[in-house]
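Inside the fold
Below are the chains, spelled out letter by letter.
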Amino acid sequence: MAFWRRPDAYLNPLVRAGMSMLSQIDPVTLQPGLNRLAADLTSGTWHTRYHHLLSQPDFDGGYRLVIADR
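Throughout what follows, the structure given in this document is the object of discussion. (Residues numbered from 1 in each chain as written. Predicted model: local features only at pLDDT ≥ 70, side-chain atom pairs only at ≥ 80, totals over all residues. Heavy atoms only, no water.)

1. Remarks on the layout of surface pockets
Rolled over the atoms, a probe with the dimensions of a water molecule shows which regions are left empty. Quantified by volume, the largest pocket comes out at close to 290 Å³. Along its surface, the largest pocket is lined by 14 residues, and Met-1, Phe-3, Trp-4, Tyr-10 and Met-19 are the ones closest to its centre. Elements supplying a minimum of two residues to the lining of the largest pocket: α2 (20–24) and α4 (45–54). When the residues that make up the lining of the largest pocket are grouped by side-chain class, the tally is 13 nonpolar, one polar and no charged. (1 Å grid on protein atoms, 1.4 Å probe; cavity = no way out; pocket = protein on both sides within 12 Å on 5 of 7 lines; lining within 4 Å. Points joined across faces, edges and corners; volume = space filled by probe spheres on them. Helix = DSSP H or I, 4+ residues; strand = E, 2+ residues; numbered from the N terminus. Nonpolar A, V, L, I, M, F, W, Y, C, P; charged D, E, K, R; others polar.)

2. Section: a nonpolar patch on the surface
Where nonpolar side chains cluster on the molecular surface, the patch consists of Met-1, Phe-59 and Tyr-63 and spans about 350 Å² of accessible area. For Met-1, a relative accessible area of 40% translates into the label partly exposed. (Patch = residues over 30% accessible without salt bridge, like charges linked within 9 Å, V, L, I, M, F, W, Y side chains within 5 Å. Areas by Shrake-Rupley, 256 points an atom, 1.4 Å probe, with all protein chains shown as cover. Salt bridge = Lys/Arg side-chain N within 4 Å of Asp/Glu carboxyl O. Buried < 20%, exposed > 50% of the residue type's maximum accessible area, 1.4 Å probe, protein only.)

3. Digging into the packing of aromatic side chains
Taken as a whole and assessed by the stated rule, the structure comprises three aromatic pairs. Ring centres of Phe-3 and Tyr-10 lie 6.1 Å apart, and the angle between their planes is 80°; on these two criteria the pair is classed as edge-to-face. For the ring pair Trp-46 and Tyr-50, a centre distance of 5.5 Å and an interplane angle of 50° mean the geometry is tilted. You can see Trp-46 and its partner Tyr-50 sitting in helix α4, four residues apart, about one turn around the helix. (Phe/Tyr/Trp six-rings, centres within 6.5 Å; stacked < 30°, edge-to-face > 60°.)

The values reported here are purely geometric and, on their own, carry no functional implication.
Now the structure itself:
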């Protein structure tokens, strides 16, 4: 979720390598989605659809830390 306002970061292999979910997906499976993201960023489609995210100060991606106290 660290790059929710910077989708172009997902196109960087070093960034993806640090994300457990993306680093474990077969590159052949992942590539079509990366190609669509790159095309949407180049054409402005991403900005048209998600521009509202850019003005938000934070985003709740649903991550939760549960601590059990015995």
